[in-house]
Amino acid sequence: MRDPYFPRAGNGGYDVDHYALALDYTPATRRLTGTAVITARATKDLSAFDLDLAGLRVDSVAVDGRDARFNRAGQELTVRPHDDLRAGHTFRTTVRYFGVPRTLTDPDGSAEGWLPTADGALGLGEPVGSMAWFPGNDHPSDKAAYDITVTVPKGLQAVSNGELADQSTHGGRTSYHWHTAEPMAAYVATVAIGHFVITRTEGPGGLPVLTAVDRTQVGASAAVLARLPAVVKWEEDTFGPYPFSSVGAIIARPGDAGYALETQNRPVFPGAPETGTLVHELAHQWYGDSVTPRSWRDMWLNEGFATYAQWLWQEDHGGDSAQQTFLDYYHRDDDALWAFPPARPSGAEHISGTPVYQRGAMVLHKIRQKVGDRAFFALLRAWPAAHRHGNASTADFTAYVEKRFPGADFSEIWRDWLYGEGKPAQP
């Protein structure tokens, strides 16, 4: 599928089942050596296929154990296997590569990809930064399981998604093997390398909680991390069972990144977050990480829900009601809020713009007003359950809502609030 905002991201012809990444990184030289073993199923006959990889030098490529020809053109690594691949065939591609990974600049000016830090590095992928540190199908529509093994100088930690499956030290270097069994989009894969204080506790129902906090941030983070199990419990009560096998957070230093990101299992924060930010990024585990957009045009399905989660948290914890928050935004003198409709951002540089977040949340509040609280809160649980570990588009969501509430007319909400240009009439 060609993405409307990132047409070069992602590739057709195959579907990835599993990534096995072996990464060796030395912060002093910023050199990364990697081997990626990508197990995928051909969805059509293939004489060649592409992987996304920005920068880095490729040593060799093999498909099903046989050397394959390859060439590079921009971010495209084109692979020509020794034998053509038939539709339905599961094949294994091994890419050996090395170099100094790039920090990429998003269309909106923010940094992603591989971000060097004072004592290590941080790998962040939204929207297309994962290709800076491993080859793959870098589009949210192709999710896979992951095994990520990171080897670093002894004394440093390497934290990634999922659960720590193994840790060993040899020859002055320590390897950390992280396993993610549930499907994960490339943009929410992460690696954090540095000096962290790692804490393991339990959340609701015995859910494993793992936090990795930069040593300089331990004191500042203690109070908000103490609330993490309660936030997860509240979100389970609101959105349904937590969709993954562990939860937690990675807290880097302020300035290591310019934003928080909902990396799967444990979101990344640049410094200690406020409670509202923690609520937002953990809500993404349902809306964005488990139910992942089909394309970057559908970003509001991530951000509108996570923003509305913050509105609901305030409503339930002594703050303004969601209705009051809605009205505050509506009456605010803010042209940026009405610059474009949430379901149709005006360009790649705007997929994280204010309308995607706040006006996206306003769409949900309009649905709540239409169907009433009991039905709306049932919808908040039913939608992520129906698309658990899958992908969904805006059209999927509107169709789902209409089918769930056949007696209600949502045409005005879709026309004026979801797709409409400018500020809708007085609500």
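All of these numbers come straight from a predicted model, not from anything done at the bench.

A few points about the pattern of salt bridges
Close approach of charged atoms lets side chains of opposite charge pair. Applying the stated criterion across every chain yields a total of 10 salt bridges. Note that Asp119 is salt-bridged to Arg253, the shortest N-O span being 3.7 Å. With Asp119 in the loop between β10 (111-116) and β11 (121-124) and Arg253 in the loop between β19 (247-252) and β20 (268-270), this residue pair connects regions lying 134 residues apart in the sequence. Looking at Asp119, the relative accessible area reads 13%, which means it is buried. For Asp373, the salt bridge goes to Arg368, with nearest N and O atoms at 2.8 Å. You can call Asp373 partly exposed: its relative accessible area is 41%.

Considering the sheet that holds β19
Spatially, β17-β18-β19-β20 is the arrangement adopted by the 4 strands of the open sheet, whose pairing is mixed. Of all strands in the sheet, those bounded by a partner on one side alone are β17 (196-202) and β20. The sheet shows a mean angle of 15° between the axes of neighbouring strands, taken without regard to direction. As judged from the 5 bridges shared by strand β18 (residues 208-214) and β19, these two strands associate in the parallel manner. Bridging from a neighbouring strand, Val213 pairs with Ile251 of β19.

Observations regarding the environment of Phe49
Looking at where Phe49 falls in the secondary structure, it is placed in strand β3 (residues 49-52). For Phe49, a relative accessible area of 4% puts it in the buried group. It is 30 Å that separates the C-alpha atoms of Phe49 and Asn302, two residues lying 253 residues apart in sequence. With sequence-adjacent residues up to four places away left out, Phe49 is seen in contact with Tyr14, Val63, Leu77, Thr78, Val79, Pro81, Leu85, Phe91 and Thr93.

Brief notes about the UniProt feature "domain: Peptidase M1 membrane alanine aminopeptidase" (unreviewed entry) in the protein
Following the UniProt record, one finds the feature "domain: Peptidase M1 membrane alanine aminopeptidase" (unreviewed entry) at residues 277-417. For residues 277-417, the helix share is 60%, the strand share is 4%, and the end-to-end C-alpha distance is 25 Å.

Quick notes on the nonpolar core
Counting 135 residues, the largest nonpolar core has Trp133, Tyr146 and Phe397 as its most contacted members. Per element, the largest residue contribution to this core is 9 residues, and it comes from helix α4 (residues 300-316). With residues up to four places along the chain from it excluded, the contact list for Trp133 reads Leu21, Leu23, Leu32, Leu56, Tyr97, Gly113, Trp114, Gly123, Leu124, Ala189, Thr190 and Val191.

Structural notes on the layout of surface pockets
Each pocket or cavity is described by its volume, and for the largest pocket that value is around 330 Å³. Every residue lining the largest pocket is counted, 17 residues in all, and those nearest its centre are Arg8, Gln75, Leu104, Val128 and Met131. Its residues placed into classes, the lining of the largest pocket shows 8 nonpolar, 4 polar and 5 charged. Taken as a whole, the second largest pocket holds about 270 Å³ of empty space. If you trace the second largest pocket, you find 19 residues lining it, with Asp108, Glu126, Tyr259, Ser352 and Tyr357 closest to the centre. Class assignment of the residues belonging to the lining of the second largest pocket gives a composition of 9 nonpolar, 4 polar and 6 charged.

What about the pairing of β10?
Regular strands have side chains that alternate between both faces of the sheet. Where strand β9 (residues 103-105) lies against β10, 3 bridges are found, and the strand directions are antiparallel. Counterpart to Leu104 in the pairing with β10 is Glu112. In sequence, β9 turns back onto β10 through a hairpin of 5 residues, with Gly109 there showing a positive phi of about 95°. Of the strand pairs in this sheet, β10 and β11 are connected by 4 bridges, and their pairing is antiparallel. Paired with Trp114 across the bridge in β11 is Gly123.

Looking at the packing of helix α7 (residues 373-386) against helix α8 (residues 394-404)
Relative orientation of the contacting elements α7 and α8 amounts to 125°, with a least axis distance of 12 Å. It follows that α7 is oblique to α8 by the angle criterion. The element α7 and its partner α8 pack so that their crossing is right-handed. For the pair α7 and α8, contact is made by Ala378, Leu379, Ala382, Trp383 and Ala386 and by Asp396, Phe397, Tyr400, Val401 and Arg404, respectively. Taken together, the residues of the contact of α7 with α8 break down into 8 nonpolar, no polar and 2 charged.

Quick look at the domain arrangement of the protein
Accessible area lost during the coming together of the parts is what is often quoted as the interface size. As far as domains go, the protein holds domain 1 (1-192), domain 2 (195-288) and domain 3 (292-418). Of note, the centres of domain 1 and domain 2, computed from C-alpha atoms alone, are 24 Å apart. Contact residues are listed per partner, giving 30 residues for domain 1 and 25 residues for domain 2. For the pair domain 1 and domain 2, the summed buried surface comes to about 2,200 Å²; carbon and sulfur atoms form 55% of the total. In this assembly, domain 1 and domain 2 are joined by 1 salt bridge. Where domain 1 touches domain 2, the interface holds 13 residue pairs in polar contact (both at pLDDT 80 or more). Taken together, the elements giving at least two residues each to the side of domain 1 that touches domain 2 come down to β10, β11, β13 (157-160), β14 (163-170) and β15 (173-184). If one sorts the elements of the side of domain 1 that touches domain 2 by residue count, β15 sits on top with 5 residues.

How each quantity is defined
- Residues numbered from 1 in each chain as written.
- Predicted model: local features only at pLDDT ≥ 70, side-chain atom pairs only at ≥ 80, totals over all residues.
- Heavy atoms only, no water.
- Salt bridge = Lys/Arg side-chain N within 4 Å of Asp/Glu carboxyl O.
- Helix = DSSP H or I, 4+ residues; strand = E, 2+ residues; numbered from the N terminus.
- Buried < 20%, exposed > 50% of the residue type's maximum accessible area, 1.4 Å probe, protein only.
- Pairing = 2+ DSSP bridges.
- Axes fitted to C-alpha atoms, helices over the stretch in contact; angles between N-to-C directions.
- Contact = heavy atoms within 4.5 Å.
- UniProt positions renumbered as here; feature names shortened; annotations may be inferred.
- Core = buried A, V, L, I, M, F, W, Y, C linked by side-chain atoms within 4.5 Å.
- 1 Å grid on protein atoms, 1.4 Å probe; cavity = no way out; pocket = protein on both sides within 12 Å on 5 of 7 lines; lining within 4 Å.
- Points joined across faces, edges and corners; volume = space filled by probe spheres on them.
- Nonpolar A, V, L, I, M, F, W, Y, C, P; charged D, E, K, R; others polar.
- Parallel < 35°, antiparallel > 145°, perpendicular 65-115°, else oblique.
- Left-handed = near helix turned anticlockwise from the far one by under 90°.
- Domains from an automatic or database assignment.
- Buried area = accessible area lost by both parts, 1.4 Å probe.
- Polar contact = N/O pair within 3.5 Å; in protein donor to acceptor, adjacent residues only side chain to side chain.

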